[in-house]
Amino acid sequence: MGSGSAGANDVRDEAAQVADPWTVDPWEDDDILDGYQRATVHLGPDTEGADGEAVATFVRKDPAKLGLIERLRRLRLRMLGKPLAIMYLHGWNDYFYRRHASEYWESMGVAFYAVDLRRYGRSYRPGETAGYIEDLHAYAAELNALRDQIVRDLGDDVRILGIGHSEGGLIMSLWANRERPHHVHALALNSPWLELQGNTTFRLISTPVLKGFLLAGGKTPLPLNDPGFYGRTIDKATGGEWDYPSSLAATGAQFQPRAGWMQAIFNGQAEVAAGLDIQMPVLVCTSDRSMMQGTWDEAMRSCDVVLDVTAIREAALKLGDLVSIARIRGGIHDLTMSRPEARRQYFGIVTAWGGQTAWRTFLPGPAVQAALRRL
């Protein structure tokens, strides 16, 4: 484990003597999810940010709103010297709203924290270019700050499982590889965007075209049309199961793929293709199949219509020396929002795997089964 060596502890001790480059405001009530809290994180100068500052947002369930059983389960784990936590990172055109995922983990005593990255979701400020970044490694600031917040809240014994979805899975992989984050003992990636549709060759062929757009500036919009099929698989109004608000509806952030952002994605995927050396166990979960075409098909409700799952699984083998791959039959791009059977399979796999790797303790079977039934 990258966080278990004496060398890592020495680095952490030295880092503790240096003031953090960020500040975190006090927790306050969240205005999107009832019973949750948010904390604004000031990350320092950023030419793309409003007023020249980068701002992110942490989200957690209000500890005062936890039920009695949730509190007792958290207390039991702390008394055993095993406080457990999850740090969650969203994907492109997204933010944290998946209450059902948070409450699944919280019901078993696992503290759940999420971050809305700069210029995403709660962190978006009017006038900013939503989701824009030119280097995915810049997000290490948000992830380091969230990790440190979890340690402050739960103590130095906390064991963290990092969960990243789609673009968040790529970002978290790059972060774990470069930063070797202390207290984070494993990564569970949900349909991570490790490669473009097809394979590495497709990305290399696309690079000269992208560079043409970059000549007009990093914020040049790309002519990438979204047919809306993924949203159709999710939204209750179009046959899905969920009525969570979109990022635009909840926060006003309107997303448009841009050349500089896509170059950042290409650069991150090129790092993966060259081979990372993540020093912790990694679990990569995907749907069992992809379906990307120009016309709607009802079968899209049980497959990934956003990314090529075969390309993801091939790229996953280059993340490190200890990578596990799981196929979720009938899963959609965000496996947590799949139909009940598929999402229960996904949560069950992550729970068992996390107990073996990140936490080295198994959550009580009856509690897990009850939580899975509620999903």
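Source: prediction; values computed, not measured.

**With respect to the overall build of the protein chain**
Part 1 of the reasoning: Regarding its fold elements, the protein chain presents 12 helices and 10 strands.
Part 2 of the reasoning: In terms of C-alpha radius of gyration, the protein chain reaches 20 Å, essentially the compact-globule figure of 21 Å for 375 residues.
Part 3 of the reasoning: Here the C-alpha coordinates of the protein chain stretch approximately 55 × 50 × 40 Å along the principal axes.
Part 4 of the reasoning: Classification of the 375 residues of the protein chain by burial places 56% in the buried group.
Part 5 of the reasoning: Pairs at least 24 apart in sequence give 75% of the contacts found in the protein chain among residues at least 6 apart.
Part 6 of the reasoning: If you sum the accessible surface of the protein chain, you get close to 15600 Å²; carbon and sulfur atoms cover 52% of it.
Part 7 of the reasoning: Of the side-chain charges in the protein chain, 40 are positive and 46 negative, and the distance between the mean point of each set is 6 Å.

**Remarks on unusual backbone geometry**
Part 1 of the reasoning: The phi angle at D51 is positive, at roughly 60°, despite the residue not being glycine.
Part 2 of the reasoning: One non-glycine residue, S191, lies in positive phi territory at about 50°.
Part 3 of the reasoning: Residue placement: S191 occurs in the loop between β8 (184-190) and α6 (200-214).

**Things to note about the environment of H165**
Part 1 of the reasoning: Considering the arrangement of structural elements, one finds H165 in strand β7 (residues 159-165).
Part 2 of the reasoning: Given the relative accessible area of 3%, H165 is considered buried.
Part 3 of the reasoning: For the pair formed by H165 and E142, sequence separation is 23 residues and the distance between their alpha carbons is 16 Å.

**Some details on the side chain of D116**
Part 1 of the reasoning: In this fold, D116 is placed in strand β6 (residues 111-116).
Part 2 of the reasoning: Note on D116: relative accessible area 0%, which makes it buried.
Part 3 of the reasoning: Non-local contacts of D116, meaning those with residues more than four positions away in its chain, are made with A56, T57, H90, Y95, F96, G121, R122 and S123.

**Examining the pattern of salt bridges**
If the charged atoms of two oppositely charged side chains come close together, the side chains can form a pair.
Part 1 of the reasoning: The full count for this structure, using the stated rule, is 19 salt bridges.
Part 2 of the reasoning: Notably, a salt bridge pairs D153 with R60, separated by 3.0 Å at the nearest N-O pair. Note that D153 is positioned in helix α4 (residues 140-154) and R60 in strand β4 (residues 53-61), a separation of 93 residues in sequence.
Part 3 of the reasoning: Look at R60 and you get buried, because its relative accessible area is 12%.
Part 4 of the reasoning: Connected through salt bridges with shared partners, the residues D30, D31, R38, D116 and R122 form a single ionic network.

**Some details on helix α2 (residues 68-79)**
Part 1 of the reasoning: A rise of 1.5 Å per residue sets the reference length of α2, with its 12 residues, at 16 Å; its end C-alpha atoms lie 16 Å apart and thus fit the reference within 8%.
Part 2 of the reasoning: Along α2, the positions that sit buried rather than exposed are E70, R74 and L77. Down the axis of α2, the smallest arc covering the buried residues is 60°, so these residues share one side. Counted as exposed and oriented over 90 degrees from the buried face of α2: L68, I69 and M79.
Part 3 of the reasoning: Against β4, β5 (84-89), α3 (99-106), β6 and α4 lie the buried residues of α2.
Part 4 of the reasoning: Count one or two residues on from α2 and you reach G81, which has phi positive near 75°.

**Concerning the environment of A130**
Part 1 of the reasoning: Tracing the backbone through its elements, the reader meets A130 in the loop between β6 and α4.
Part 2 of the reasoning: Among the residues examined, A130 registers a relative accessible area of 6% and is labelled buried.
Part 3 of the reasoning: Not counting the four nearest positions on each side in its chain, A130 is found in contact with W92, R119, Y124, A253, Q254 and F255.

**Some words on the confidence of the model for the protein chain**
Part 1 of the reasoning: Summarising the model, the protein chain shows a mean pLDDT of 92, and 93% of its residues fall at 70 or more.
Part 2 of the reasoning: Contacts of residues 1-13 to residues separated by more than four positions or lying in other chains number 18 contacts, the stretch itself having pLDDT below 50.

**Quick look at the pairing of β8**
Part 1 of the reasoning: Of all seven residues that make up β8, seven are buried, and the element is covered over most of its length.
Part 2 of the reasoning: Across six bridges, β7 lies against β8 in parallel orientation. Residue pairing in the sheet places I160 in a bridge with V184 of β8.
Part 3 of the reasoning: Between the parallel pair β7 and β8, the chain is carried across by helix α5 (residues 167-179), and the sense of this crossover is right-handed.

**What about the packing of α5 against helix α9 (residues 259-274)?**
Part 1 of the reasoning: Two elements in contact, α5 and α9, have axes whose closest approach is 10 Å; the angle formed by their N-to-C orientations is 55°. On the basis of the axis angle, α5 is oblique to α9. Considering how the two elements wind past one another, α5 and α9 form a crossing that is left-handed. Between α5 and α9, the residues in contact are E167, L170 and L174 and W261, I265, G268, Q269, E271 and V272, respectively.
Part 2 of the reasoning: In terms of residue class, the contact of α5 with α9 is built from five nonpolar, two polar and two charged.

**Section: α3**
Part 1 of the reasoning: In terms of residue burial, α3 counts as a mostly covered element, since six of its eight residues are buried.
Part 2 of the reasoning: All of the buried residues in α3 are H100, A101, S102, Y104, W105 and E106.

Criteria and cut-off values
- Residues numbered from 1 in each chain as written.
- Predicted model: local features only at pLDDT ≥ 70, side-chain atom pairs only at ≥ 80, totals over all residues.
- Heavy atoms only, no water.
- Helix = DSSP H or I, 4+ residues; strand = E, 2+ residues; numbered from the N terminus.
- Rg over C-alpha atoms; globule rule 2.2 N^0.38 Å.
- Buried < 20%, exposed > 50% of the residue type's maximum accessible area, 1.4 Å probe, protein only.
- Contact = heavy atoms within 4.5 Å.
- Areas by Shrake-Rupley, 256 points an atom, 1.4 Å probe, with all protein chains shown as cover.
- Lys, Arg positive; Asp, Glu negative; His and termini not counted.
- Charge placed at Lys NZ, Arg CZ, Asp CG, Glu CD.
- Salt bridge = Lys/Arg side-chain N within 4 Å of Asp/Glu carboxyl O.
- Expected span 1.5 Å × (residues − 1).
- Arc of directions from axis to C-beta.
- pLDDT = per-residue confidence, 0-100.
- Pairing = 2+ DSSP bridges.
- Right-handed = clockwise from strand over helix to strand, strands pointing away.
- Axes fitted to C-alpha atoms, helices over the stretch in contact; angles between N-to-C directions.
- Parallel < 35°, antiparallel > 145°, perpendicular 65-115°, else oblique.
- Left-handed = near helix turned anticlockwise from the far one by under 90°.
- Nonpolar A, V, L, I, M, F, W, Y, C, P; charged D, E, K, R; others polar.

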